[in-house]
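Coordinate analysis (summary)
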Amino acid sequence: GAGVSQTPSNKVTEKGKYVELRCDPISGHTALYWYRQSLGQGPEFLIYFQGTGAADDSGLPNDRFFAVRPEGSVSTLKIQRTERGDSAVYLCASSASGGAMETQYFGPGTRLLVL
Amino acid sequence: AQSVSQHNHHVILSEAASLELGCNYSYGGTVNLFWYVQYPGQHLQLLLKYFSGDPLVKGIKGFEAEFIKSKFSFNLRKPSVQWSDTAEYFCATQTSGNTPLVFGKGTRLSVIA
């Protein structure tokens, strides 16, 4: 009966490095979302998965960002050549089937700091 | 494109005071509307949501919100706040058929004894 979990909870890396952030959605939820929350801002949409496929990746800021969900459950957000501006809290959410009336349940987030 | 404006960055209230947090959205079509709350050290959780029907929506913990279509607004209210309501509150919209949420910048509420 666990909620959405995300690992690691904190990640410190150096500029130019590669990072992977993991999201484990609520069991059985087919829809999974990634958002990014910068200091003093609300969450901003990055990418949405329906099952294994990315249904909407219009929020990814550039081609350094990529996400996968190979088995339709766990998702990994990958950031190449990290920049200081990538520092933020990365949030994952899931919903039962992605319908517009469904509640999205959020995880605790991964706080990424790029030095 | 959708956008959401939350007018108050930080609100400070005494316990038992009434609360109203403003939220305006820009999208001219049909929208679904949400208020999420983030208590200190916790993750975002849903307070209430509106899709259709009665424009006055009641949520958890005594919160309610009113959708006023003519004003593009969805303000959050609570008649009497408690210290435990100290949190950050986010308004969000979702266009029909497009499920990612668009959030406002949030309003930090501090309730003092």
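Presented here is a report on the structure given in the accompanying data block. These figures come from a predicted structure and were not determined experimentally.

Before going further, it helps to examine the packing of aromatic side chains. All names here are of chain B. Evaluation of the coordinates by the stated rule reveals 16 aromatic pairs over all chains. With 5.6 Å between their ring centres and 45° between their planes, Phe 63 and Tyr 89 make a pair best called tilted. In this pair, Phe 63 is assigned in the loop between strand S7 (56-58) and strand S8 (64-68) and Tyr 89 in strand S10 (residues 87-95), connecting sequence segments 26 residues apart. Using a relative accessible area of 0% as the deciding quantity, one classes Tyr 89 as buried.

The subject of this paragraph is the interface of chain A and chain B. Listed as interface residues are 21 residues of chain A and, on the opposing side, 19 residues of chain B. Both faces considered, chain A and chain B share a buried interface measuring about 1,500 Å² in area, 57% of it formed by carbon and sulfur atoms. On the chain A side of the interface with chain B, the three residues burying the most area are A:Pro43, A:Ala100 and A:Phe106, jointly 32% of the side's total. Our count for the contact surface shared by chain A and chain B stands at four residue pairs in polar contact (both at pLDDT 80 or more). When residues of the side of chain A that touches chain B are traced back to their parent elements, those giving at least two are strand S4 (31-37) and strand S5 (44-50) of chain A.

It is worth spelling out the state of the cysteines at this point. All told, the structure shown has two disulfides over all chains when counted by the stated rule. The disulfide bridge from A:Cys23 ends at A:Cys92, spanning 1.8 Å between sulfur atoms. The sign of the S-S torsion, about -65°, decides the handedness of the disulfide formed by A:Cys23 and A:Cys92: left-handed. One end of the pair, A:Cys23, is in strand S3 (residues 19-24); the other, A:Cys92, is in strand S9 (residues 88-95), and 69 residues separate them in sequence. Classification of A:Cys92 by relative accessible area gives buried; the value is 0%. One disulfide in the model links B:Cys23 with B:Cys91; its S-S distance is 1.9 Å.

With that settled, consider the pairing of strand S9 (residues 73-78) of chain B. Residues and elements named next belong to chain B. Taken across its six residues, S9 has five buried, putting it largely inside the fold. Pairing between strand S3 (residues 19-21) and S9: three bridges, direction antiparallel. Paired with Leu 21 across the strands is Leu 76, a residue of S9. Bridge count between S8 and S9: five bridges; the pairing is antiparallel. The residue bridging Ile 68 from the neighbouring strand is Ser 73, located in S9. Connecting S8 to the antiparallel partner S9 that follows it, the hairpin turn spans four residues, and Phe 72 within it adopts a positive phi of roughly 50°.

A cis amide bond, omega -10°, links A:Thr7 with the succeeding residue A:Pro8. Tracing the backbone through its elements, the reader meets A:Pro8 in the loop between strand S1 (5-7) and strand S2 (10-13). Residue B:Lys61 is not a glycine yet carries a positive backbone phi of 60°. Structurally, B:Lys61 is set in the loop between S7 and S8.

A few words on a nonpolar patch on the surface. Residue and element names in this part refer to chain A. Together, Val 12, Leu 113 and Leu 115 give the surface a local cluster of nonpolar side chains, amounting to about 280 Å² of exposed area. Within the secondary structure, Leu 113 is located in strand S11 (residues 110-114). The class for Leu 113 is partly exposed, based on a relative accessible area of 41%.

Our next topic: the sheet that holds strand S8 (residues 75-79) of chain A. All names here are of chain A. In spatial order, the strands read S1-S3-S8-S7; together these four strands make up an open sheet with antiparallel pairing. Each of the sheet's edge strands pairs with one partner strand only, and the pair in question is S1 and strand S7 (65-68). For this sheet the average axis-to-axis angle between neighbouring strands, irrespective of direction, equals 15°. By the bridge criterion, five bridges tie S3 to S8 in an arrangement that is antiparallel. By the bridge assignment for S8, Glu 20 is matched with Lys 78.

Turning our eyes to something else, we now look at the side chain of A:Gln104. Assignment of secondary structure puts A:Gln104 in the loop between S9 and strand S10 (105-106). Taking the relative accessible area as the measure of exposure, A:Gln104 reaches 3% and is therefore buried. A polar side-chain atom of A:Gln104 sits 2.8 Å from a polar atom in the side chain of A:Tyr35. Those residues in contact with A:Gln104 that sit more than four places away from it in its chain are A:Tyr33, A:Tyr35, A:Ala93, A:Ser94, A:Ser95, B:Tyr36, B:Gln94, B:Thr99, B:Pro100 and B:Leu101.

About the criteria used
- Residues numbered from 1 in each chain as written.
- Chains lettered and ligands numbered in written order.
- Predicted model: local features only at pLDDT ≥ 70, side-chain atom pairs only at ≥ 80, totals over all residues.
- Heavy atoms only, no water.
- Phe/Tyr/Trp six-rings, centres within 6.5 Å; stacked < 30°, edge-to-face > 60°.
- Helix = DSSP H or I, 4+ residues; strand = E, 2+ residues; numbered from the N terminus.
- Buried < 20%, exposed > 50% of the residue type's maximum accessible area, 1.4 Å probe, protein only.
- Contact = heavy atoms within 4.5 Å.
- Buried area = accessible area lost by both parts, 1.4 Å probe.
- Polar contact = N/O pair within 3.5 Å; in protein donor to acceptor, adjacent residues only side chain to side chain.
- Disulfide = S-S within 2.5 Å.
- Pairing = 2+ DSSP bridges.
- Patch = residues over 30% accessible without salt bridge, like charges linked within 9 Å, V, L, I, M, F, W, Y side chains within 5 Å.
- Areas by Shrake-Rupley, 256 points an atom, 1.4 Å probe, with all protein chains shown as cover.
- Salt bridge = Lys/Arg side-chain N within 4 Å of Asp/Glu carboxyl O.
- Axes fitted to C-alpha atoms, helices over the stretch in contact; angles between N-to-C directions.

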